[in-house]
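Architecture and fold: a report
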Amino acid sequence: MQKKERYKHFLDYFTQNFPEPETELHYSNPYELLVAVVLSAQCTDKRVNMVTPKLFERFPDPESLAASDSEEVFTYIRSISYPNNKAKHLVGLGRMLVEQFHSEVPSTVEDLQKLPGVGRKTANVIASVIFSMPAMAVDTHVFRVSRRLGLVPLTAKTPLAVEKELVSHIPKHLIHKAHHWLILHGRYVCTARNPQCFQCPLSPFCKYFEKNVKIDVFHS
């Protein structure tokens, strides 16, 4: 099967079955999502969602976060991975939002990456979710699923290489949705260990299934 066909099957399936995918992080405005995504680095969305209600109650806006210090922020996020670094990032992020962006979350990937704790992946998430921009954030799920399906070649060995490949083949108006489709599929079906290939609706056009699972079944 040609790559173009794989993309068509992938996009057709999710467009029909999950037309409006959403992030599983809880937020009510761009500032809250930005904070939540920074906290979610190497941490589960479930854990982040347990922490953010009290965090947002204490720091409802960039001004309150900027006026605090990392020691206080730490007390709210101690159960998150790397809480010391993230507490420092959040305070710095709050101050930069206030001082350089008029307390508004910037809309471009370039400006977002200027914020402490915001790398390319986080910036792409914000640009995609909040501003529906054609930005593809590549986390471990997107990286794994896109390579297994055969949407990107195995020679794409970095998140940036995977990002460029996906963006070049997915229509611009669907990129922000495809980001969620790949993440959620990787989180619940195409898991790192023991992927649920026989329950997966994408297996008929999946390269991993074709090369690995079918062979295992045949030899067993």
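Now for a description of the structure that goes with this document. (Residues numbered from 1 in each chain as written. Predicted model: local features only at pLDDT ≥ 70, side-chain atom pairs only at ≥ 80, totals over all residues. Heavy atoms only, no water.)

**Details of the overall build of the protein**
Helices and strands together make up the secondary structure of the protein, namely 12 helices and zero strands. Counted from the first residue to the last, the protein has its helices and strands arranged as α-α-α-α-α-α-α-α-α-α-α-α. Scaling as 2.2 N^0.38, a compact globule of 220 residues should have a C-alpha radius of gyration of about 17 Å, and the protein matches this with 19 Å. Along the first, second and third principal axes, the C-alpha set of the protein runs to 60 × 35 × 30 Å. The proportion of buried residues among the 220 residues of the protein is 48%. If you take every contact in the protein between residues at least 6 apart in sequence, the share linking residues at least 24 apart comes to 60%. For the protein, the exposed surface amounts to about 11700 Å²; the carbon and sulfur share of it is 53%. (Helix = DSSP H or I, 4+ residues; strand = E, 2+ residues; numbered from the N terminus. Rg over C-alpha atoms; globule rule 2.2 N^0.38 Å. Buried < 20%, exposed > 50% of the residue type's maximum accessible area, 1.4 Å probe, protein only. Contact = heavy atoms within 4.5 Å. Areas by Shrake-Rupley, 256 points an atom, 1.4 Å probe, with all protein chains shown as cover.)

**Thoughts on unusual backbone geometry**
Positive phi, normally seen in glycine, also occurs at histidine 102, with a value near 55°. Of note, histidine 102 is situated in the loop between helix 6 (83-100) and helix 7 (109-112). With a relative accessible area of 69%, histidine 102 lands in the exposed category. Positive phi, close to 65°, is recorded for serine 103, a residue that is not glycine. You can see serine 103 is positioned in the loop between helix 6 and helix 7.

**With respect to the pattern of salt bridges**
Summed over the entire model, instances satisfying the criterion amount to nine salt bridges. Arginine 187 is paired through a salt bridge with aspartate 45; the nearest N and O atoms lie 3.2 Å apart. Residue arginine 187 is found in helix 11 (residues 172-188), and its partner aspartate 45 is found in helix 3 (residues 45-58); the two are separated by 142 residues along the sequence. Residue classification places arginine 187 among the partly exposed positions, given a relative accessible area of 23%. Assessed through its relative accessible area of 14%, aspartate 45 is described here as buried. Connected via shared salt-bridge partners are Glu24, Asp45 and Arg187. (Salt bridge = Lys/Arg side-chain N within 4 Å of Asp/Glu carboxyl O.)

**Things to note about the packing of helix 5 (residues 70-77) against helix 6**
At a closest axis distance of 8 Å, the pairing of helix 5 and helix 6 adopts a crossing angle of 125°. Considered as vectors, helix 5 and helix 6 are oriented oblique to each other. When the axes of helix 5 and helix 6 are compared, the crossing they make is right-handed. Counted together, Ser70, Val73, Phe74 and Ile77 of helix 5 and Pro83, Asn84, Lys86, Ala87, Lys88, Leu90 and Val91 of helix 6 form the full contact between these two elements. (Axes fitted to C-alpha atoms, helices over the stretch in contact; angles between N-to-C directions. Parallel < 35°, antiparallel > 145°, perpendicular 65-115°, else oblique. Left-handed = near helix turned anticlockwise from the far one by under 90°.)

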